[in-house]
Number of protein chains: 2
Amino acid sequence: MAQSLTRSPLAPASFPDLPIVKGVRFASVAAGVKYQNRTDVMLALMAPGTTIAGAFTQSLTRSAPVRDCQAKLGDNSQDGAAILVNSGNSNAFTGHFGQTSVAQITSAVATATGVPEARVFTASTGVIGEPLPHDRIVVKLGELADGLSDTRINDAADAIMTTDTFAKGASAQVEIDGQTVSIAGIAKGSGMIAPDMATMLVYIFTDAEVEQQALQALLTSICNRTFNCITVDSDTSTSDTLMLCATGAANVDATDDAQFASALETVMLDLSHQVVRDGEGATKFVEIQVTGAASDSDAKIHGLSIANSPLVKTAIAGEDPNWGRIVMAIGKSGAAADRDLLSISFGDVLVAEKGWVSPDYREEDAAILMKQDEITIKVDLGLGAGHATVWTCDLTHGYIQINADYRS
Amino acid sequence: MAQSLTRSPLAPASFPDLPIVKGVRFASVAAGVKYQNRTDVMLALMAPGTTIAGAFTQSLTRSAPVRDCQAKLGDNSQDGAAILVNSGNSNAFTGHFGQTSVAQITSAVATATGVPEARVFTASTGVIGEPLPHDRIVVKLGELADGLSDTRINDAADAIMTTDTFAKGASAQVEIDGQTVSIAGIAKGSGMIAPDMATMLVYIFTDAEVEQQALQALLTSICNRTFNCITVDSDTSTSDTLMLCATGAANVDATDDAQFASALETVMLDLSHQVVRDGEGATKFVEIQVTGAASDSDAKIHGLSIANSPLVKTAIAGEDPNWGRIVMAIGKSGAAADRDLLSISFGDVLVAEKGWVSPDYREEDAAILMKQDEITIKVDLGLGAGHATVWTCDLTHGYIQINADYRS
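Residues numbered from 1 in each chain as written. Chains lettered and ligands numbered in written order. Predicted model: local features only at pLDDT ≥ 70, side-chain atom pairs only at ≥ 80, totals over all residues. Heavy atoms only, no water.

Examining the overall build of chain A
Reasoning step 1: For chain A, the count of helices and strands is 12 helices and 15 strands.
Reasoning step 2: Radius of gyration (C-alpha) of chain A: 22 Å, near the 22 Å computed for a compact globule of 408 residues.
Reasoning step 3: For chain A, with 408 residues in total, the buried portion stands at 62%.
Reasoning step 4: Considering only contacts in chain A between residues 6 or more positions apart, those separated by 24 or more positions represent 81%. (Helix = DSSP H or I, 4+ residues; strand = E, 2+ residues; numbered from the N terminus. Rg over C-alpha atoms; globule rule 2.2 N^0.38 Å. Buried < 20%, exposed > 50% of the residue type's maximum accessible area, 1.4 Å probe, protein only. Contact = heavy atoms within 4.5 Å.)

Pasting the structure below:
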């Protein structure tokens, strides 16, 4: 990007120390796909026996690399696997040139690593509609293969950034049958989208052994409570990719292990929150807790309606406890609601109940809460047991500046 | 509103000269509901025999006046009718107090005008969650009734404004059986929404005679091509109200008259465009023409997905012909699309076709178009005969300023 972006005020203090995940090595390189003076390609190489699960954008205009990954998922795990990601160009809406670029890159990765093409996954993130200069990546594969190391996951996180203002990582370790299993993940994304549809990409690695179908089921289930519950601006990337790779190198079977599932959810939740914290122009991290809905899916519809409402998001930016806009977002969501059963709180301050402002509500109390960096909005529909939590950020001049004032 | 808003750069030069519509008289008054030093209540009184059709917000948290209007629509037309609208307070999310206010006002209007309560329609627009000080309106009803005049429709348009930067009116006249029938309408709204959910309100009057069920069918049909095809920010008011009143005073039956329907559509389209032109912070008026969709409803879904995308709207604000964001919005819409059959134009400049940028496309050509105040985006899906046109405005710092920087 031409502009240099200020680090998000919601960013963590520093990139976390991530544990080594046995059976996976990383490398990164500066290939000059578009950006100068920084790394822009990462390679991850995984041991034979690795199982891989994935979740991808639902977009009907999704990119060539996404289509290629979707076709390959679930294949034989005996041959190892490789993931190659470039930033600077998304290889999306590039017609048949897009497929050619994917084929050229996967073939070169196969040659350089010995992993069969059917087990080489790629992703591209950055400007769309321009042909990917895949030759610049292909000539760097020897250097990438030579540089592989089990400690370089942080370099990989750097290489996949586009408009991100900080690199994103998270990890967990659990003991299973007296042995340690590690989970480490990296992500990029400034929300669902970014200038040039810069894409959310997430790669999570574990040295646990997990059967592929169980891994996919686990990923899908946790994704619905984490990455599918965040939104920055309601726009959807053509390239969103989330891959979870279990190398099995720790020689511990974690299939259907509840403790492992819980640790994985912690990592995925952490990464998804980091994406929101890097939302374009974000100054507030907002958690919306919806309870009492007719169903869990209704709760999520209400939550996302609130989270995506430009009026709610600008009120939060203005530190205005404007609960009327929350009522509005609930009313328009399409899910069941009854005005007279609804209650709304900011943090622990009850604002509205029974179709009316709460008699004890003092706006000064809510106004103090709105000045904080992290804001919790609680909505109870009073209808049933359905619940969901979603996360978003505010809508500020910074968002307009990034997306309108600069040519992308 | 505390802030004084600059007149939209997209506003028409002046309020139009509206013809007298026989059988309806208007009055307005400064009741001090919230605003000072301006009119804030309008009354329209219609002759016996008037038929009324309406369209209202779909919100589940809709206001007490909306619920009251919906219950009364379609009633006996032999007793005349009255419409009373106040600005400054929306009487929404005000619990049982809301119904009480509506009852007090409709009762007072009935007494002052001789129209039965069942034929008195009200609307309120402005801040939500605060009890409506209906006494301030009730005490002004004598003055309102005394001031009724068939030439004061422009004063009525002024009285219903909240964050509007200009009053909105439109008209048409048609000859039927050698006699002139007039249609005149007024509207308020800065998009679907405004600070405090200030509401879109539209009142259209004609002296034609139209049977009530035919009038309702006509209104619903035209509404789907006009007011239901505009969006400013995807938010939905709790109070949106559109009423069409046919007084019959011209003694011309226009039921099922094609020329009348066409004139009515002209008026409704004009008013709906004026609402977009007063969209909060708007600097560009955008028409999105979708053709070649699998169905008309698919075309509208794609059109609204493009029109509501914050990324598309900020690109337009930045005068950036960023067609990749249009591809993104189509991909996420949920309606049928095939990347390789899609074509996109800005005005007459073909940008993308066959899943790829058009070989003849020169960005300079599109960049010139983007500098204009009025922008046309054409999308052809290449799938079928479905088509729709929707209208929106850009997303600018002005929107953030109005909705975040000021306390509402």
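As for the pairing of strand β11 (residues 343–346) of chain A
All names here are of chain A.
Reasoning step 1: Relative to strand β12 (residues 349–353), β11 runs antiparallel, the two being bridged by 4 bridges. From the neighbouring strand, Phe346 faces β12, where its bridge partner is Val349.
Reasoning step 2: Inspection of the sheet shows β11 paired to strand β14 (residues 374–380) by 4 bridges, in the antiparallel sense. Paired with Ile344 across the two strands is Val379, which belongs to β14. (Pairing = 2+ DSSP bridges.)

Thoughts on the domain arrangement of chain A
How big an interface is tends to be stated in terms of accessible area lost as the parts join.
All names here are of chain A.
Reasoning step 1: When the domains of chain A are assigned, the result is domain 1 (24–277) and domain 2 (285–405).
Reasoning step 2: Placing a centre on the C-alpha atoms of domain 1 and another on those of domain 2 gives a separation of 33 Å.
Reasoning step 3: Each side of the interface is counted separately: domain 1 has 16 residues, and domain 2 has 15 residues.
Reasoning step 4: Between domain 1 and domain 2 lies a buried interface of about 1,300 Å² when both sides are counted; carbon and sulfur atoms form 59% of it.
Reasoning step 5: Linking domain 1 to domain 2 there are 1 salt bridge.
Reasoning step 6: A salt bridge links Glu374 to Arg277; the shortest N-O distance between them is 2.7 Å.
Reasoning step 7: If you look at where domain 1 meets domain 2, you find 4 residue pairs in polar contact (both at pLDDT 80 or more).
Reasoning step 8: Secondary structure elements with two or more residues in the side of domain 1 that touches domain 2: α6 (212–225) and α7 (258–277).
Reasoning step 9: By residue number, the principal contributor to the side of domain 1 that touches domain 2 is α7, which donates 4 residues.
Reasoning step 10: For the side of domain 1 that touches domain 2, the residue count by class is 7 nonpolar, 6 polar and 3 charged. (Domains from an automatic or database assignment. Buried area = accessible area lost by both parts, 1.4 Å probe. Salt bridge = Lys/Arg side-chain N within 4 Å of Asp/Glu carboxyl O. Polar contact = N/O pair within 3.5 Å; in protein donor to acceptor, adjacent residues only side chain to side chain. Nonpolar A, V, L, I, M, F, W, Y, C, P; charged D, E, K, R; others polar.)

Things to note about the nonpolar core
Within soluble globular proteins, side chains that are nonpolar tend to cluster in buried spots.
Reasoning step 1: Trp323 of chain A together with Phe260 and Trp323 of chain B are the most contacted members of the largest nonpolar core, which totals 169 residues.
Reasoning step 2: Those residues in contact with Trp323 of chain A that sit more than four places away from it in its chain are Ile344, Phe346, Val351, Ala352, Val357 and Tyr361 of chain A together with Phe93, Ile128 and Gly129 of chain B. (Core = buried A, V, L, I, M, F, W, Y, C linked by side-chain atoms within 4.5 Å.)

Remarks on the UniProt feature "binding site: substrate" (unreviewed entry) in chain A
Reasoning step 1: Following the UniProt record, one finds the feature "binding site: substrate" (unreviewed entry) at Thr162, Lys188, Thr199, Glu280, Asn403 and Ser408 of chain A.
Reasoning step 2: Looking at the secondary structure, you find Glu280 of chain A in the loop between α7 and β10 (285–293). (UniProt positions renumbered as here; feature names shortened; annotations may be inferred.)

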